[in-house]
Amino acid sequence: MKRKKVLFVCTGNTCRSPMAEALLRTKIKRNKIRWWDVSSCGIHAEVGGTISPNSKTALEEAGISVEKFAPKQLTQKLIEASTIVICMTESQKKMLEACGNVKCIKDLCGYDVPDPYGCNLDAYKVTRDALSRACDIIIKNYILTYKDGE
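Conventions adopted
Throughout this description, residue numbers start from 1 for each chain and increase along the sequence as written. Reporting of local features is limited, given that this is a predicted model, to residues whose pLDDT is at least 70; pairs of side-chain atoms are given and counted only at 80 or more, and all residues count toward the totals for whole chains, interfaces and linings. Calculation of side-chain values draws on the structure's entire complement of heavy atoms; hydrogens and water are dropped beforehand. Counting from the N terminus, the helices are the DSSP runs of H or I reaching at least four residues and the strands are the DSSP runs of E reaching at least two. Given the number of residues in a helix, its expected span is that number minus one, multiplied by 1.5 Å. Using a 1.4 Å probe on the protein chains alone, a residue whose accessible area is under 20% of its type maximum counts as buried, one over 50% counts as exposed, and one in between counts as partly exposed. Note on contacts: a residue pair qualifies if any of its non-hydrogen atoms lie within 4.5 Å across the two residues. Working definition: rings of Phe, Tyr and Trp (its six-membered ring) pair if their centres are within 6.5 Å, and the pair is stacked with planes under 30 degrees apart, edge-to-face with planes over 60 apart, and tilted otherwise.

A. Main features of helix 1 (residues 16–30). With 15 residues, helix 1 ought to run about 21 Å at 1.5 Å a step, and its terminal C-alpha atoms sit 21 Å apart, in line with that. In terms of residue burial, helix 1 counts as a mostly covered element, since 12 of its 15 residues are buried. For helix 1, the set of buried residues is Arg16, Ser17, Pro18, Met19, Ala20, Glu21, Ala22, Leu23, Leu24, Thr26, Lys27 and Ile28. Each element contacted by the buried residues of helix 1 is listed here: strand 1 (4–10), strand 2 (36–42), helix 2 (53–61), helix 4 (90–96) and helix 6 (121–143). Where helix 1 terminates, the next one or two residues include Lys32, which has phi positive at roughly 55°.

What follows is the structure, given as structure tokens:
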């Protein structure tokens, strides 16, 4: 089976999309799903940066390590290499709609994921938990039921 790829997109690729990537990767592994890969990038990523300290802490508190993460800039090539592109908000999706198979968390789960950038750790935990619920829905309603050409 040809590998499929989920690409999460947020603004800077330091908070939401890296958390979504780490959460979905962990859940895919736990569910022994071997035909999907996960990555993330930012519309305005600071290449050479790192995951935000609060994102890292929120993930570590959930038992997920993100030692090797480095932000990536969104490119058309990344979009084309992905089976599905999932933005954190509807406005990000609107910016990218013409690029291909672009959805947003709200399309899949009914809610946007606000940017916790600059907020305290509790805001990042709320974001982590919202993304964790979204990843469960993505696995159940998309990854496990995906059919080519959808």
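This is not the end of the story, as more comes after the structure.
B. Quick look at the packing of aromatic side chains. Counted under the stated rule, the structure contains three aromatic pairs. Measuring from ring centre to ring centre gives 6.1 Å for Trp36 and Tyr142, while their planes differ by 70°; the resulting arrangement is edge-to-face. Taken together, the positions of Trp36 in strand 2 and Tyr142 in helix 6 put the pair 106 residues apart, joining distant regions of the chain. Accessibility assignment for this pair places Trp36 and Tyr142 in one class, buried. Taking the centre distance of 5.5 Å and the plane angle of 90° together, the rings of Trp36 and Tyr146 count as edge-to-face. Separated by 110 residues along the polypeptide, Trp36 in strand 2 and Tyr146 in the segment after helix 6 bring together distant segments of the chain. By relative accessible area, Trp36 is classed as buried at 3%. Pairwise contacts between aromatic rings join Trp36, Tyr142 and Tyr146 into one cluster.

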